[in-house]
Structure formats: C-alpha cells, structure tokens
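Examination of the molecular architecture
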There are 2 protein chains.
Amino acid sequence: MATQASAAIDFNKGDGVIPVVALDHATHRVLMFAYMNREAFEETVATRRACYFSRSRNRLWRKGEESGNFQVVKEIRVDCDEDAVLLFVEQMGDAAACHTGHESCFYRRLENDEWREVEPRKVDPAKYGPGYGHHTKQAG
Amino acid sequence: MATQASAAIDFNKGDGVIPVVALDHATHRVLMFAYMNREAFEETVATRRACYFSRSRNRLWRKGEESGNFQVVKEIRVDCDEDAVLLFVEQMGDAAACHTGHESCFYRRLENDEWREVEPRKVDPAKYGPGYGHHTKQAG
C-alpha cells in the first residue's frame, strides 16, 4: 500500500522509525510520544486509528487494542524534514492516553530540581489487567 | 553539574539522547522536535534557554545562537518513562522556530495523500545568511 504521502517520509534516518507526537484534537494537549514505521504510518492513514510501532516488542502497536483506549485520527502533520509527525486525535475509552491512567504521559513538571506530579489520573490502569502497559519503550 | 532531575532521565535508551518537543508557552502550539543529551538538558535547566543536541554535528546546539531565534524556557515536563521531555518556551527573535521561517516545523497537513502547506512563513530565512539551517538532522 505505497502512498505518495508515505513515500515522502524519511524513515531511514531513524533506523526505520520516525518520532510521533499525539495531541488531543480539541485542546491540542500533548498526550504521548511514540514511534511509527512505514507500515504503522500507512495503516494509521488508511484506518484513521493510531497505529504505532513498538520498539521493545518489534511489532505494530494498535493503540487501545487491549484497553479500548484507542485514538481516532483527525489530522496528521509532518515536519520540515519529513522525519517527524504530529497526530491530532480523539482519545477514546477512558480518555487516558498514558498507561499510568493519566490523560497525558507528560503529567510531571520540573519544580526545584524535582519532577512533581501535577495532574491526577483519569483511571486506575489496574482495570485493564496486570499485563497492561504501553509498548513504545521497555515497559510490558 | 549533576542534578536530581537530570539523573532521573533515562538517556541510555536513545544512545545518549532523548526526544524533546518544544511548544509555545502561551498557545501550547507544537513548534519543533529535537534531541537533548544530558549536558544539553542540564544547560537548559540552568540557563532557562533551550539547548539541544545536534545529532548531525555531534555537539550542543544553542538554539538561536546564529539567528537570534532563541527560546526562553518557561516550563519543563517529563513523560511516564522518563525518556522524553516537553519544553514550554517563549520563541524569541522573529517568532519562527523552524529553519524555513515558519513559526512551527509542522506547517504541512496531510490532505488527499499530499502534504499541503497550510501556514505562511513568518520570515524569509535568507536574512540569517546562507549557512542558516537547523541542526537536529541532516541539514547544515
């Protein structure tokens, strides 16, 4: 499923993946940071549901497939060098993009040399089962 | 200059660098995507001016040191895995974070399988001289 938009993206610079920032389409809040390979990008465009690439699991990560916290993609932007992408999404399910149950993964702010939690969780992630986590990094 | 906040960040996962997203502190618009190593992070915290790490040049990149388009850092956030950072900044100079002269590097939107430019430039980057570019990626 080669597309013109996909072909324009430089996946080689990052060993086959590009960085992706997901934002809430209504508030423009940054929700999370993840990666996509070309297949994930093309699936996201075709289905309008965010599909990332899990570097730790080395496979596609269809966000929300376990938890129901999937993301409907409203708009996609590319940067000047065609090697980073923004997704404007509607965060479905419990409105928690983060595996910790927070709306956003960026719920800690630097204050006096400490990372201080400044936002409450939206949901207790225990409800999704013991294996729940996000897949972009080392976490299960 | 080791600090507690810096020590909490996992720079090893990304071969010594972490991804960084800079946003306008007032509008929360995403301005650009770049990287930091530990030294760049600590300098940014200490000086409150955004300092990145240029992977192409393999050295610190003090944003705006050539063009005057530096960034005053108002707030710093870290993600759930301590391996990605948000900077809320005031973009100084010509209010153009992108080396193309746009406010944001993400000035193209996907429309019908094409990346369409949807924002005008703030400034003609030729004013900064022929060597001007940004340093995060392959560009000069």
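Size of an interface: often given as the accessible area lost when the parts come together. Opposite the 33 residues of chain B that make contact, chain A presents 33 residues. Within the residue set of the side of chain B that touches chain A, elements represented by two or more residues are helix 1 (4-7), strand 1 (18-24), strand 2 (30-36), strand 5 (71-78), strand 7 (108-111) and strand 8 (114-117) of chain B. Looking at the side of chain B that touches chain A element by element, the count peaks at four residues for strand 5 of chain B. By residue class, the composition of the side of chain B that touches chain A is 17 nonpolar, five polar and 11 charged. Pairing geometry for strand 5 (residues 71-78) of chain A and strand 7 of chain B, over two bridges, is antiparallel. The residue bridging A:Val78 from the neighbouring strand is B:Arg108, located in strand 7 of chain B.

With that settled, consider the relation of the copies chain B and chain A. The two copies are related by a screw operation: chain B maps onto chain A through 180° of rotation and 0.0 Å of translation along the axis, at an RMSD of 0.0 Å. The superposition of one copy onto the other is thereby described by a two-fold rotation axis. Across chain B, the rotation axis passes nearest the C-alpha of B:His28, at a separation of 3.6 Å. When the interface residues of chain B are mapped onto chain A, 100% of them again lie at the interface, so the same face is used by both copies.

Backbone hydrogen bonds are what pair the strands of a sheet, in a parallel or an antiparallel way. Spatial ordering of the open sheet is given by 8(A)-7(A)-5(B)-6(B)-1(B)-2(B), a layout of six strands whose pairing is mixed. Edge strands, defined here as strands with exactly one partner in the open sheet, are strand 8 (114-117) of chain A together with strand 2 of chain B. This sheet shows a mean twist of 35° between the axes of neighbouring strands, independent of strand direction. Strand direction decides the pairing type here: strand 1 of chain B and strand 6 (residues 85-91) of chain B, joined by five bridges, are parallel. Note that in strand 6 of chain B the partner of B:Asp24 across the bridge is B:Val89.

Residues three or four positions apart in an α-helix share a direction because the helix packs 3.6 residues into each turn. Residues and elements named next belong to chain A. Taken residue by residue, helix 2 (residues 38-47) has Ala40, Phe41 and Thr44 as its buried positions. Looking straight down helix 2, one finds its buried side chains confined to an arc of 100°; they lie on one side. The exposed set on the far side of helix 2, more than 90 degrees from its buried face, consists of Ala46 and Thr47. Positive backbone phi, approximately 60°, marks arginine 48, located one or two places after helix 2.

So, how was this worked out
Throughout this document, residue positions are counted from 1 along each chain, in the order its sequence is written. Here chains are named by letter from A upward and ligands by number from 1 upward, in the order in which they appear as written. Note on the predicted model: pLDDT of at least 70 is required for a residue's local features to be given, and 80 or more for side-chain atom pairs to be given and counted; whole-chain, interface and lining totals, by contrast, use all residues. Residue pairs qualify as contacts under a 7 Å threshold applied to their C-beta atoms, which are placed from the backbone. In this description a helix means any DSSP run of H or I spanning at least four residues, a strand means any run of E spanning at least two, and both kinds are numbered starting from the N terminus. Each residue is assigned to one of three groups, with Ala, Val, Leu, Ile, Met, Phe, Trp, Tyr, Cys and Pro labelled nonpolar, Asp, Glu, Lys and Arg labelled charged, and all others, Gly among them, labelled polar. When DSSP locates at least two bridges between a pair of strands, those strands are taken to pair. A residue counts toward the fit only if its pLDDT is at least 70 in both copies, and the copies are then superposed by least squares on the C-alpha atoms of those residues. Axis definition: a line fitted to C-alpha atoms, over the contacting stretch in the case of helices. Angles run 0 to 180 degrees between N-to-C directions. Burial is judged by counting other C-beta atoms within 10 Å of a residue's own C-beta: 20 or more means buried, 12 or fewer means exposed, and anything between counts as partly exposed, with every C-beta placed from the backbone. It is the directions from the helix axis to the C-beta atoms that the arc portrays.

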